[in-house]
Amino acid sequence: MRPGNHHTGFIMEPKTQFFSTPIYYVNAKPHLGHAYTTIATDVATRFKQMDGYDTYFLTGTDEHGDKIVQAAEKQSQSPAQYVEKISRLFQDLWPRLHIENDQFIRTTQSGHIQVVEHLLSKIHARGDIYFSSYEGLYCYGCERFYQERELVDGKCPDHGTAPSSIKESNYFFKMSQYQDWLIDHIKTHPGFIHPKQYETEILSFLKEPLEDLCISRPKSRLTWGITLPFDDNYVTYVWFDALTNYISALGYPDGPLFKKFWPSARHFVAKDIIKPHGIYWPIMLKAAGLDIYNGLNVHGFWNVSGSKMSKSIGNVTDPVQVTGQYGVDAFRYFLMREMVFGLDANFTEDVLVSRINADLANDLGNLFSRVLSMNLKYFKGQVPALHSDIFSDLSLAPEADATIRHFRAAMAGYAFHKGLEAVWQFISRMNKYIDTHEPWGLAKDPKTRPRLEAVIRNLLEGLRTVAALIYPVMPETSRKMLQELTIPQPESGFSDWNK
Ligand code: MSP
């Protein structure tokens, strides 16, 4: 706990921040896209910690539904065995990518199931869930309904067979009555959906009347799901189950984590699931009488060598393979530097390699080894005096301060690429500083010894700043640099880093 602020006469709560990733489907093993969202959330969490926040970071797996039953069948396994196996791949991957989540939630856990039942009962009791039958075109092969426009020549695009017209009854969530409330909520909470272009997208969806959401499947069609608390013959389908993870993980309704962290909840997702997160989820929360989450961070999609990742193209990028070859911190750096948060980006091995060579080996690596070897050569590794009073012309401090300011503003706005850009500008400034001041020349004359001391000391101070700022993106590299500079790891907070 941080000390209270007695100036203003009331005790200030510590700043808290809850971040989540989507819970990933377990119908395939983790790929580049999953890795990006989870790394971005880890970077944001580490940054908030540095900035003095008490953080909580949640990720997990989404394990119910017919896609998963089908994937299990393909491998001749029961759904339970199958989800166990794939969920494990996600759980094992994150520590390998230097991701430090506080919890890993699975939708098959009993605690989660109870919260889903609780939420459904609550919304049902308020009259926002109703039963209704409808008729539609159903493909038995796909086990799903099709819209007319999805068919190819009136046939299922996957099976080439004509779907049957069947009548089914299901439960629906009344969303339309909350439409005006949601529009108003978005407009009165700037930054609720970030970046702005996705807020615009959601508001434009909301110009059309919202259809009610089908939230069930009869057990005759699907049993791998959570039974509706008010009708044994049905399970709940997909979004009511999945979205609820964000509160079940925190121990809603009475858990201390829920009380502490829910008010600061911010969800990271990609643009593919903006509708469930930007529309269904706030309306579900509203209907259940809960506080609305604080914000949604939406990023774009990674393409690989210019195409959408797909099994048939064979370009599904495996983070285990890439990090095995190039290193974890280099991979994290590349992802954060290359993608403008909110826009799509392209992954190719060429660009990855050239960034590693230029930014990491050349700019940062060379600077670091040049400075350390000069420090060893001229001062036997001891830290020389700064002489800031006599050689103010040599001071890098104003630029270091400006770098920290730019970095902090960019990272606070989730513009990770800009934060890194600021740090690398400072790195290249230091490389030029060495060329300008030529320490090797200063070392030749004992009269210029104090000036040499000031140059090396300024560079060491600059490296310390760099090592601290890269921590959220490259935690291992940061630790190693600080170790070599023999600087103790700071506990937290920019003020400590500045000292
Ligand atoms: N289970 C749902 C989410 C429920 S959240 C309450 C789901 N799962 S998913 O496995 O399909 O994951 C989708 C998410 O994975 C995206 O929103 C994004 O975070 C990540 N990505 C998957 N492919 C991606 C790219 N090609 N590029 C970037 N991120 C992508 O949807």
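Residues numbered from 1 in each chain as written. Predicted model: local features only at pLDDT ≥ 70, side-chain atom pairs only at ≥ 80, totals over all residues. Heavy atoms only, no water.

(A) Spatial organisation of the sheet that holds strand β4 (residues 129-139). Strand order across the open sheet formed by four strands is β5-β4-β6-β8, with antiparallel pairing between neighbours. This sheet does not close on itself; its edge strands, each paired only once, are β5 (144-146) and β8 (213-214). Examined bridge by bridge, β4 and strand β6 (residues 164-173) share ten bridges and lie antiparallel to one another. Across the sheet, residue Y134 finds its bridge partner in β6, namely E168. (Pairing = 2+ DSSP bridges. Helix = DSSP H or I, 4+ residues; strand = E, 2+ residues; numbered from the N terminus.)

(B) Quick peek at the environment of A443. As for its placement among the helices and strands, A443 is situated in the loop between α16 (439-442) and α17 (449-469). Residue contacts for A443: discarding those within four places in its chain leaves Y378 and L452. (Contact = heavy atoms within 4.5 Å.)

(C) Geometry of the pattern of salt bridges. Per the counting criterion, the structure on display carries 21 salt bridges. One salt bridge connects E63 with R106, and the closest N-O pair in it is separated by 2.7 Å. Here the residue E63 occupies a position in the loop between β2 (54-62) and α2 (66-74), and R106 occupies one in strand β3 (residues 103-106), the gap between them amounting to 43 residues. E63 gets classed as buried once you look at its relative accessible area, which sits at 0%. By relative accessible area, which is 13% here, R106 ends up buried. In the salt-bridge network here, residues are joined through shared partners; they are D42, R46, E100 and R332. (Salt bridge = Lys/Arg side-chain N within 4 Å of Asp/Glu carboxyl O. Buried < 20%, exposed > 50% of the residue type's maximum accessible area, 1.4 Å probe, protein only.)

(D) Summary view of the site of the ligand. Surrounding the ligand, one finds 23 residues, the nearest of these being I23, T37, D62, D272 and W302. A total of 670 Å² of accessible area belongs to the ligand in isolation, and the protein chains cover 93% of it. Listed by contribution, the elements that provide at least two residues to the shell around the ligand are β1 (16-25), α1 (32-50), α7 (239-243) and α8 (245-248). Counting residues per element, the shell around the ligand draws most heavily on β1, which supplies four residues. (Near = heavy atom within 4 Å. Areas by Shrake-Rupley, 256 points an atom, 1.4 Å probe, with all protein chains shown as cover.)

(E) A look at the environment of L394. Structurally, L394 is set in the loop between α13 (349-379) and α14 (397-412). With 65 residues separating them along the chain, L394 and L459 place their C-alpha atoms 9.9 Å apart.

(F) The arrangement of the pairing of β1 in detail. Counting buried positions along β1 gives nine out of ten residues, so the element sits mostly inside the fold. As paired strands, β1 and β2 are joined by eight bridges and run parallel to one another. Directly across from Y24, in β2, lies its bridge partner T61. Each parallel crossover has a hand, and for β1 linked through α1 to β2 it is right-handed. Sheet topology places β1 next to strand β12 (residues 265-270); three bridges connect them, and they run parallel. Within the sheet, the bridge partner assigned to F18 lies in β12 and is A265. (Right-handed = clockwise from strand over helix to strand, strands pointing away.)

(G) Just the sheet that holds strand β14 (residues 302-304), in detail. With mixed pairing, three strands are arranged side by side in an open sheet as β15-β14-β16. With partners counted over all chains shown, the strands left at the sheet margins are β15 (307-308) and β16 (345-347), one partner each. The pairing of β14 with β15 spans two bridges and is classified as antiparallel. From the neighbouring strand, N303 faces β15, where its bridge partner is K308.

(H) Structural detail: the packing of aromatic side chains. Counted by the stated rule, this structure contains 33 aromatic pairs. Geometrically, the ring pair formed by Y134 and F145 is tilted, given 5.4 Å between the ring centres and 55° between the ring planes. Of this pair, Y134 sits in strand β4 while F145 sits in strand β5; the two residues are eleven residues apart in sequence, bridging distant segments of the chain. Pairing F192 with Y293 gives two aromatic rings, centres 4.9 Å apart and planes at 20°, and the pair type is stacked. Linking F192 in the loop between α5 (179-188) and β7 (193-194) with Y293 in the loop between α10 (274-287) and β13 (295-299), this pair joins segments that are 101 residues apart in sequence. (Phe/Tyr/Trp six-rings, centres within 6.5 Å; stacked < 30°, edge-to-face > 60°.)

(I) Summary view of unusual backbone geometry. The amide bond that connects H194 to the next residue, P195, takes the cis arrangement and shows omega of -5°. Relative to the assigned elements, P195 resides in the loop between β7 and α6 (196-205). With an omega of 5°, the peptide bond running from Y252 to P253 counts as cis. Here P253 shows up in the loop between α8 and α9 (256-261).

(J) Structural detail: the confidence of the model for the protein. Residues with a pLDDT of 70 or more make up 95% of the protein, whose mean pLDDT is 93. Long-range and interchain partners of residues 1-9, a stretch whose pLDDT sits below 50, account for nine contacts in this model, where long-range means more than four residues apart. Overall, residues 495-499 carries pLDDT values under 50, and its contacts beyond four positions in sequence, including any with other chains, amount to eight contacts. (pLDDT = per-residue confidence, 0-100.)

(K) Quick look at the pairing of strand β11 (residues 231-236). One ladder, built from three bridges, connects strand β9 (residues 216-218) with β11; its direction is antiparallel. When the bridges of β11 are listed, R217 appears paired with V235. In the sheet, strand β10 (residues 227-228) pairs with β11 via two bridges, with the strands oriented antiparallel. Across the sheet, T227 pairs through a bridge with V235, a residue of β11. As consecutive antiparallel partners, β10 and β11 are separated by two residues.

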